[in-house]
Amino acid sequence: MKVVEKFVSINGESKRAGELALFIRFKGCNLNCTYCDTKWANEPDCDYQEMTPEKLLDYIEKTKIKNITLTGGEPLLQKDINKLIKMIIDKGFRVEIETNGAVSIESTAALRDKEGFKDLSFTLDYKSPSSGCEDKMILDNFNFIDSRDSVKFVVGNEKDLEKARYIIEKFNLSDRCQVFLSPIFGMIKPDEIVDFMIDKNLNDIKLQIQMHKVIWDPNKRGV
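Not measured: the values here are computed from a predicted model.

Q: Would you mind going over the pairing of strand 4 (residues 67-71) with me for this structure?
A: Working note: regular strand, side chains alternate between the two faces of the sheet. With five of its five residues buried, strand 4 lies for the most part within the structure. Where burial is concerned, the two faces of strand 4 agree: the one with Asn67, Thr69 and Thr71 and the one with Ile68 and Leu70 are both buried. Pairing between strand 2 (residues 20-26) and strand 4: four bridges, direction parallel. By the bridge assignment, arginine 25 is partnered in strand 4 with threonine 71. The parallel pair strand 4 and strand 5 (residues 94-99) is bridged by helix 2 (residues 81-90), and the resulting crossover is right-handed.

So, in structure tokens, the structure goes:
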């Protein structure tokens, strides 16, 4: 498995924002979003460490951190990802998969029924129009999410917000999982999102600022 970085920090977003988490970032992505803040991890010449699931599990156990976030890039592109998830959860850890919405989550989500993995959750992106990758979204993924999961809309303008509202209502997301609106850093002011939420009566939707970009320099790695 191609690991570009691994570190302990706080979770900067999603349902466990503010909690300690161990991040394992994998190399490579099948998208190239305009606002991506980890493009470096997707470059062909990006340095990485080849690690087996066994080596990763050994590292995880030594950290003693309960929340494990598998991210990228796109973690679901790693061929041994389901094996790694099984090994981690079997040891009593929680696993969050940060996935871009352009890879099917079906086989990984099936682990929750087949293996009884209650501590496996997804933070699933829906790429906004301004991402340049909206046409790559796999809408069938919404069939495999439940109350353990989150759907995140990273927005930069009113068009993005309107599309987020449309998708939320079309798939009844606010009744099925946690839903977050997150501003593209430096592109839209948070109060504009709040005004939109008030105007459209978006109950049960959460505004979320990327906490790690407030605490540290927005371009700092390993946080």
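Back to the write-up after that little detour.
Q: Help me understand the nonpolar core in this model?
A: Proteins that are soluble and globular tend to have nonpolar side chains buried together. Phe26, Leu70, Ile85, Phe142, Phe153, Leu173 and Leu181 are the most contacted members of the largest nonpolar core, which has 59 residues in total. Broken down by element, this core gets its largest block of residues, six residues, from helix 2. Those residues in contact with leucine 70 that sit more than four places away from it in its chain are Ile24, Phe26, Pro75, Ile81, Leu84, Ile85, Val95, Glu96, Ile97 and Glu98.

Q: For this particular structure, what's the right way to read the pairing of strand 6 (residues 120-126)?
A: The element strand 6 is extensively covered by neighbouring structure, given that seven of its seven residues are classed as buried. On strand 6, burial covers both faces: Leu120, Phe122, Leu124 and Tyr126 on one face and Ser121, Thr123 and Asp125 on the other are all buried. Here strand 5 runs beside strand 6; their pairing, made up of five bridges, is parallel. Bridge assignment links threonine 99 to a residue of strand 6, and that residue is leucine 124.

Q: Explain the sheet that holds strand 9 (residues 206-207) here, please?
A: Two strands in a sheet stick together by hydrogen bonds in their backbones, pointing the same way (parallel) or opposite ways (antiparallel). In spatial order, the strands read 3-1-2-4-5-6-7-8-9; together these nine strands make up an open sheet with mixed pairing. Two strands bound the open sheet, and with one partner strand each, they are strand 3 (49-50) and strand 9. Contacts from helix 5 (residues 158-170) reach strand 6, strand 7 (150-155) and strand 8 (178-183) within the one sheet, and its direction differs from that of strand 7 by about 160°.

Q: I would appreciate a short explanation of empty space enclosed by the protein in the present structure.
A: Where empty space is left in the structure can be found by rolling a water-sized probe over the atoms. Counting across every chain of the model gives one cavity of 30 Å³ or more. In this structure, the largest cavity spans a volume of roughly 30 Å³. For the lining of the largest cavity, a count of residues per class yields five nonpolar, two polar and one charged.

Q: Whenever I open this one, the pattern of salt bridges confuses me. Can you help?
A: Oppositely charged side chains can form a pair if their charged atoms are brought close together. Going through the model one piece at a time under the given rule, you end up with 18 salt bridges. For aspartate 58, the salt bridge identified is with lysine 62, shortest N-O distance 3.2 Å. Here aspartate 58 and its partner lysine 62 are both found in helix 1 (residues 53-63), four residues apart, which amounts to about one turn of the helix. Arginine 148 is the salt-bridge partner of aspartate 146, the closest N and O atoms lying 2.5 Å from each other. Among the residues examined, aspartate 146 registers a relative accessible area of 23% and is labelled partly exposed.

Q: Quick question: what am I supposed to make of the packing of helix 1 against helix 2 here?
A: For any two helices packed against each other, the geometry comes down to the angle between their axes and how far apart the axes lie. Taken N-terminus to C-terminus, the directions of helix 1 and helix 2 make an angle of 35°; their axes are 10 Å apart at the nearest point. Between helix 1 and helix 2 lies a crossing of right-handed hand. Across from Pro53, Glu54, Leu56, Leu57 and Ile60 in helix 1, the residues of helix 2 making contact are Lys83, Leu84, Met87 and Ile88. Across the contact of helix 1 with helix 2, the residue classes tally to seven nonpolar, no polar and two charged.

Q: Quick question: what am I supposed to make of unusual backbone geometry here?
A: A negative phi holds for most residues other than glycine; trans holds for most peptide bonds. Cis geometry is found at the peptide bond from glycine 72 to glycine 73, where omega equals 15°. Relative to the helices and strands, glycine 73 is located in the loop between strand 4 and helix 2. Although it is not a glycine, asparagine 201 adopts a positive phi angle of roughly 55°. Mapped onto the elements, asparagine 201 comes out in the loop between helix 6 (190-199) and strand 9.

Quick notes on the rules
Residues numbered from 1 in each chain as written. Predicted model: local features only at pLDDT ≥ 70, side-chain atom pairs only at ≥ 80, totals over all residues. Heavy atoms only, no water. Buried < 20%, exposed > 50% of the residue type's maximum accessible area, 1.4 Å probe, protein only. Helix = DSSP H or I, 4+ residues; strand = E, 2+ residues; numbered from the N terminus. Pairing = 2+ DSSP bridges. Right-handed = clockwise from strand over helix to strand, strands pointing away. Core = buried A, V, L, I, M, F, W, Y, C linked by side-chain atoms within 4.5 Å. Contact = heavy atoms within 4.5 Å. Axes fitted to C-alpha atoms, helices over the stretch in contact; angles between N-to-C directions. 1 Å grid on protein atoms, 1.4 Å probe; cavity = no way out; pocket = protein on both sides within 12 Å on 5 of 7 lines; lining within 4 Å. Points joined across faces, edges and corners; volume = space filled by probe spheres on them. Nonpolar A, V, L, I, M, F, W, Y, C, P; charged D, E, K, R; others polar. Salt bridge = Lys/Arg side-chain N within 4 Å of Asp/Glu carboxyl O. Left-handed = near helix turned anticlockwise from the far one by under 90°.

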